[in-house]
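What follows is the residue order along each chain.
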Amino acid sequence: MTAVALSRPARVLRIEIRRSVVLWSVPLLAALFFFDSFRTVSGFAPVWTVRSSVLTTNMIEDFGPFAAGLAAWVASREGRRKTGDLLAATSRPAWARQLCALGATLFWLLATYLACVAAVYIDTALQATWGGPPLWPIAVGVVEVVTFAVIGFTVGALFPGRFTAPLAAIGGFLLAFIGYHAALGVQPGMSTYALLSPSTAVPLGDAGVFYHVAPDLAIAQVMFMGGITVGLLGLLTLAPVFRVSYRGLLAGISRAGRWLCVAGVALLAAGVAAAATAFALAGTAKPGVSGWDIPALHDAASDQPVPYTPDCAGIALPVCVQPAFSAFLPAAAAALQPAAAELKGLPGAPVRAELVSDGNGTRNTQGMLFAGMPKPGVSGAPPVYNFNSDNGMAPLWGSPAGTDNAGWRAGFQQVFLSAFVAGPPQAGADILTPAQQAVVTALMTAIGSPAPQFDEAFTGNGQVVGGATQAQIAAAAQRFGSLSPAARHAWLAAHLTALRAGTLTLNQLP
Amino acid sequence: MNIELSDITRRFGRNVAVDGVTLDVGTGVLGLLGPNGAGKTSLLRMLATILPPSSGHLTLLGRDPRKPADRREIRRRLGYLPQNLGYYPSFTVVEFVEYFALLKEMPPHLVPKAVAAAIEKVDLGPKARAKLRTLSGGMLRRVGIAQAIVNEPELLLFDEPTAGLDPEQRVAFRALIRDLGQTATVIVSTHLVEDVGAACSEVALMSNGKVVFRGTPEELTARGEAGQGVGDAPLERGYSAILAAARSAS
């Protein structure tokens, strides 16, 4: 397109874009993104829904205050640079002129934001083994950046001054901070209006993997922030009326133009209506299978589990995972094989290990616990060891092929052996008895792993719940571990029921 | 008549800046003289449709600036250089002038040529691509003049246009406004009576918000010779004589 072919607004916009002060802030925003958002997200599970959560959390905390401050700086320039009279004598309406300045500000802000989104998504695409990039977080993030910018722009236009921009930036930071903490505190049965803040906790490691993430909340958030944006644009349109309203409202309307006033009032009303509707909708949110559902927006068909064919590995114990976690399958299978070999032939020994949903529909995608997360455990017939991503593989997220995973490997084996020794998961049976701890310790030592810690079982004075000290457990474990593999196996086969029932004491171990 | 003022008054609180001015101005260059606080800038701001009058009736280019549609049309055909020129330091000369050409809603296809012509008229061609922050005060004044004339306005309002210009540029500016006055109504508010003598076909002198003299520069000179004016030049003597008479009358 040639310069001549461009329309008037497009050419004003081109000048504004070329000379926008936001351009100078792009390197700073990029650095903030790299050191905060990008490095944070690199430690998340390479699952699209999980990684994309950074678009509306860290990235907004990085971009929001800058968007508000820079937009306020741009909007207040007519006051700071004393171009008011010069511009007031031009025929193009003030709102059109301001829209171009705002457009240029948004151009650079959104270009930078979307470039950062691309970096996150490209990095995720290189690591993810299942699924595709979700678009709702991008929509929410874009609208949020726009909202921050429009808030700052409105403040700058209405109260021009050299301190307006820093105050707008601080205000933007506080807004994001308060919204984040309010959203963190939302629990079922409580007020859910704070869910309108997209900035909240990191979702569970398998968010969006076993169940689709319903867009209900994203729709409400976009509607709420979009409403605020449209309402503020209406307010900006009406600003000339307020400036001359000292002569009476009618004089103000007459001076600004009737149609401009009608448009401003319509925008303001539409914005308020959209924001109020979204606010009301957020108040009806309820926990669903994959997060918060808003009944008026919810599509029940999306509640069905996502079908998939698991990826499996391992000979002694086939270990199967959802394809999203295929990158971690070799490590998980290798860790469980020696432990499974120790249990082979015992009654109730698992024939397969399977990755299951973190919450099985009881936790939302924001990572908040609703109704008790199911413990990993051995259950079913034939027995299957169920484990989940958060307490199974989370330490691996940052380095699926890393070599420094000995700690994770031991922990993973401990959880597996503890689940077998404790038996099928049941309420109130979270803590192993001293005898169970000693058996797990002995089995861990037998497969060449370090002796486990059962920190959760200790009271403040070093006494084990159940009446045994750590030293007594270690002595019993050493005694049991010194048996030959065959003898250990035979004893376990004979006493597994009593061991699981918690009726055996340390002294009853051979 | 391009400007018709009928008993125009502008108040700022209790202060009356412009007090019942009635004035008709056609094509040509009108010099607006007066001491500080006489109401010249307030009158120019009303003529530029920035400031609505507190009372009285104003017609510009045959239109009523109280009506939004008329006001917009007047502004399309208006050029205005305020006393204190605000500018955006990061803009280049071309961008600044183009920006105002577009805000004055010139047809986009005419803008590049008009911008180049306006910049040439103020002799800033070699600095066309320079950022405004790099220009001297006099050059910035010329940029201000360029943005005012870029749309070939029918009504041109200059508030202290030659402030900061060197003598050579001042002479060039006088020639420019004489040329512009052939087809447009040009009002030049100034303290410099030599500008008026050299460039204006008519003079209006304001004092305490009122127009106390209206005539040609020659008539102003004659008043100085007849009265008790003080000053080095004939126009200055006329200026001071009229002001002294106005003050004694009030």
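Caption draft 1: Representation of the domain arrangement of chain B within the structure. Residue and element names in this part refer to chain B. Taken as a whole, chain B is organised into domain 1 (1-77 + 158-250) and domain 2 (84-152). The gap between the C-alpha centroids of domain 1 and domain 2 is 25 Å. With 13 residues of domain 1 at the contact, the number on the domain 2 side is eleven residues. Sorting the residues of the side of domain 1 that touches domain 2 by element identifies helix H2 (68-76) and helix H6 (167-180) as the ones contributing at least two each. Broken down by element, the residue count for the side of domain 1 that touches domain 2 peaks at five residues, all from H6. Residue composition of the side of domain 1 that touches domain 2, grouped by class: eight nonpolar, two polar and three charged.

Caption draft 2: A look at the interface of chain B and chain A. The partner chain A presents 23 residues to the 29 residues of chain B that form the contact. Listed by contribution, the elements that provide at least two residues to the side of chain B that touches chain A are H2, strand S5 (78-81) and helix H3 (93-103) of chain B. For the side of chain B that touches chain A, a count of residues per class yields 16 nonpolar, five polar and eight charged.

Caption draft 3: Looking closely at the sheet that holds strand S5 (residues 352-356) of chain A. Residues and elements named next belong to chain A. Here five strands make up an open sheet; going across it, the order is S3-S4-S5-S7-S6 and the pairing mixed. The outermost strands of the open sheet, each flanked by one partner alone, are strand S3 (311-313) and strand S6 (377-379). Averaged over all adjacent pairs, the angle separating strand axes in this sheet is 25°, with direction ignored. Together, S3, strand S4 (319-321) and S5 form the strand contacts of helix H13 (residues 329-343), whose direction differs from that of S4 by roughly 155°.

Caption draft 4: Spatial organisation of the sheet that holds strand S8 (residues 202-207) of chain B. Residues and elements named next belong to chain B. Pairing is mixed across the open sheet formed by six strands, whose spatial order is S5-S6-S7-S3-S8-S9. In this open sheet, the two strands that pair with only one neighbour each are S5 and strand S9 (210-215). Ignoring strand direction, the axes of neighbouring strands in this sheet form an average angle of 15°. Where strand S3 (residues 28-33) meets S8, four bridges bridge the pair, whose relative direction is parallel. By the bridge assignment, leucine 30 is partnered in S8 with glutamate 202. Relative to the sheet, H6 contacts S3, strand S6 (155-159) and strand S7 (185-189), its axis offset from that of S7 by approximately 145°.

Caption draft 5: The arrangement of the pairing of S3(B) in detail. All names here are of chain B. The buried fraction of S3 is high, at five of six residues. Bridge count for S3 against S7 is five bridges, and the pairing is parallel. Residue pairing across strands places valine 29 opposite valine 186, the latter belonging to S7.

Caption draft 6: View of helix H9 (residues 234-249) of chain B. Residue and element names in this part refer to chain B. Helix length check: H9, at 16 residues, gives a terminal C-alpha distance of 23 Å against a target of 22 Å (1.5 Å per residue), a fit within 8%. Buried residues of H9: Leu235, Arg237, Gly238, Tyr239, Ala241, Ile242 and Leu243, and no others. Each element contacted by the buried residues of H9 is listed here: S3, helix H7 (193-199), S8, S9 and helix H8 (217-226).

Analysis parameters
- Residues numbered from 1 in each chain as written.
- Chains lettered and ligands numbered in written order.
- Predicted model: local features only at pLDDT ≥ 70, side-chain atom pairs only at ≥ 80, totals over all residues.
- Domains from an automatic or database assignment.
- Contact = placed C-beta atoms within 7 Å.
- Helix = DSSP H or I, 4+ residues; strand = E, 2+ residues; numbered from the N terminus.
- Nonpolar A, V, L, I, M, F, W, Y, C, P; charged D, E, K, R; others polar.
- Pairing = 2+ DSSP bridges.
- Axes fitted to C-alpha atoms, helices over the stretch in contact; angles between N-to-C directions.
- Buried ≥ 20, exposed ≤ 12 C-beta atoms within 10 Å, placed from the backbone.
- Expected span 1.5 Å × (residues − 1).

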